[in-house]
Amino acid sequence: MMNFDFTPEQEMLRQTVRKFVDKEIMPYIKEWDERGEFDRNIFKRLAELNLMGVCIPETYGGMGMDYNSLAIVCEELERGDTAFRTAVSVHTGLNSLTLLQWGTEEQKQKYLVPQARGEKIGAFGLTEPNAGSDVASIQTTAVRDGDDYILNGQKTWISLADIADHFLVFAYTDKSKKHRGISAFIIERTMPGFSSRPIKGKLGIRSGNTGELFFDNVRVPKENLLGEEGEGFKIAMSALDNGRFTVAAGAVGLIMACLEASVKYCHERKTFGKEIGRHQLVQQMIARMEAGLQISRLLVYKVGFLKNEGRRCTRETSLAKWIACDYANQAADDAVQIHGAYGYSNEYPVERYLRNSKAPVIYEGTREIHTIMQAEYVLGYRQDKPLRKTLPAWRPAEN
Ligand SMILES: CCCCCCCC(=O)SCCNC(=O)CCNC(=O)[C@H](O)C(C)(C)COP(=O)(O)OP(=O)(O)OC[C@H]1O[C@@H](n2cnc3c(N)ncnc32)[C@H](O)[C@@H]1OP(=O)(O)O
């Protein structure tokens, strides 16, 4: 059965996040963006609003809502700013859901529960200076030493690098096995030999924290191996399935923001004796934004639906991520164009939208990676195999 209605709980959730964004992000975002600093208080507030583990089961400290509720949170947050949605994507999408899927009961109790409650922040360390799209090229190593592993290497472009308490980190335990020799580890910031530093001078998502991680003989107990040795590549990819879903949902929010600002400006600004909204080439841009919004939303909620059913949806997620981020990038470009010269200044928010819209087209699989994946699926070169551990289907809480 298909149902496009939101539940009263989902509507309430949307209103909660929207109110939070309007009151606690919008008035300050220009200043945070200019300063290029992440406001740590945001996480505290998100935790107070129970938004740090929306779709994590209540038994693990979350709200127990469905996967589309997470999409709603991401949409509304990115309507405020891409950086804050990115933070939630990393904390919940890439980290917490991966712990839920692959973690042992002990790991869930120790790491997932405090993350879902918002007491601790989680992040994800995969990309390296010489390994972005080509994940199997990572050089970080983890060598077994008694009951521990010794990690050495470096990660870059890590969201929340200087903020997170826990990181999922990917390293080779056996280089000879190629991608099947990568393993996943839970690393704590306090482990000796771990350090981080911020990356400065970003085009966009300036109010977010992005940085590098360094592992200098970090001793990690074997209990912190996530999944089995050699399962790291699959764990990273399944984490990206969750992360990309939230990125796509966020892109929907960015299109909403572009439309909101553009519609307002279309009614305010007059040229040739009429509101600019009356000019057909401006209308074309507005129509393209609306089409992008509706198409992207359908793709995102379909992924949420499949996730609720407990079905693997790598293919659908990749499509949603690619299309929604491309539309958001186009919508931001159109929004600046509609605002003309004013769109080029930070007097209006649309220049920030354009700068921000570029990151999601690059991170969590570039536009090019997703284009290739889609072609490979259609041509029959790529098939999704069943996984040893799957993300649990969503079940409504019993009263
Ligand atoms: C802009 C400023 C901020 C920048 C921030 C940057 C930080 C980030 O974005 S974080 C991560 C970004 N990185 C990515 O998104 C990586 C992009 N690359 C990919 O997605 C993949 O490597 C991709 C699609 C190219 C495929 O790689 P490829 O080497 O062909 O692997 P592939 O053959 O498909 O799969 C290898 C194995 O993994 C399994 N696998 C593939 N996908 C999945 C999945 N989704 N779930 C589980 N297992 C999977 C396969 O079944 C296969 O298993 P087996 O070993 O049993 O055969």
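Above this text sits the structure in question.
Rules used in this analysis
Residues numbered from 1 in each chain as written. Predicted model: local features only at pLDDT ≥ 70, side-chain atom pairs only at ≥ 80, totals over all residues. Heavy atoms only, no water. Near = heavy atom within 4 Å. Polar contact = N/O pair within 3.5 Å; in protein donor to acceptor, adjacent residues only side chain to side chain. Areas by Shrake-Rupley, 256 points an atom, 1.4 Å probe, with all protein chains shown as cover. Helix = DSSP H or I, 4+ residues; strand = E, 2+ residues; numbered from the N terminus. Nonpolar A, V, L, I, M, F, W, Y, C, P; charged D, E, K, R; others polar. Domains from an automatic or database assignment. Contact = heavy atoms within 4.5 Å. Axes fitted to C-alpha atoms, helices over the stretch in contact; angles between N-to-C directions. Parallel < 35°, antiparallel > 145°, perpendicular 65-115°, else oblique. Left-handed = near helix turned anticlockwise from the far one by under 90°.

Peer 1: Would you mind showing me how to read the site of the ligand here?
Peer 2: Near the ligand you find 25 residues, and of these His179, Arg180, Glu364, Gly365 and Arg382 are the closest. A distance of 3.3 Å is found between a nitrogen atom of the ligand and a side-chain nitrogen or oxygen belonging to Thr314. When isolated, the ligand has an accessible area of 1200 Å², and the protein chains bury 80% of it. Among the elements that take part in the shell around the ligand, helix α7 (residues 232-268) stands out by supplying 7 residues, more than any other. Looking at the shell around the ligand residue by residue, the classes come out as 10 nonpolar, 7 polar and 8 charged. Two domains each provide a minimum of three residues to the shell around the ligand, namely domain 2 (123-232) and domain 3 (237-379).

Peer 1: Looking at this structure, how should I read the side chain of His91?
Peer 2: Inspection of the secondary structure assignment puts His91 in helix α5 (residues 82-102). Of the polar contacts made by the side chain of His91, one reaches the backbone oxygen of Met52; its length is 3.3 Å. A distance of 3.0 Å separates a polar side-chain atom of His91 from the backbone nitrogen of Gly122. Not counting chain neighbours up to four residues away, the residues in contact with His91 comprise Met52, Ser96, Gln115, Lys120, Ile121 and Gly122.

Peer 1: What am I meant to see in the packing of α5 against helix α6 (residues 105-116) here?
Peer 2: Two numbers describe a pair of packed helices, the interaxial angle and the distance between the axes. For the pair α5 and α6, interaxial distance at closest approach is 10 Å and the crossing angle is 150°. Considering their axes alone, α5 and α6 lie roughly antiparallel with respect to each other. Where α5 crosses over α6, the handedness of that crossing is left-handed. Mapping the contact onto sequence places His91, Asn95, Ser96, Leu99, Leu100 and Trp102 in α5 and Gln107, Lys108, Tyr111, Leu112 and Gln115 in α6. Residues that form the contact of α5 with α6 fall into these classes: 5 nonpolar, 5 polar and 1 charged.

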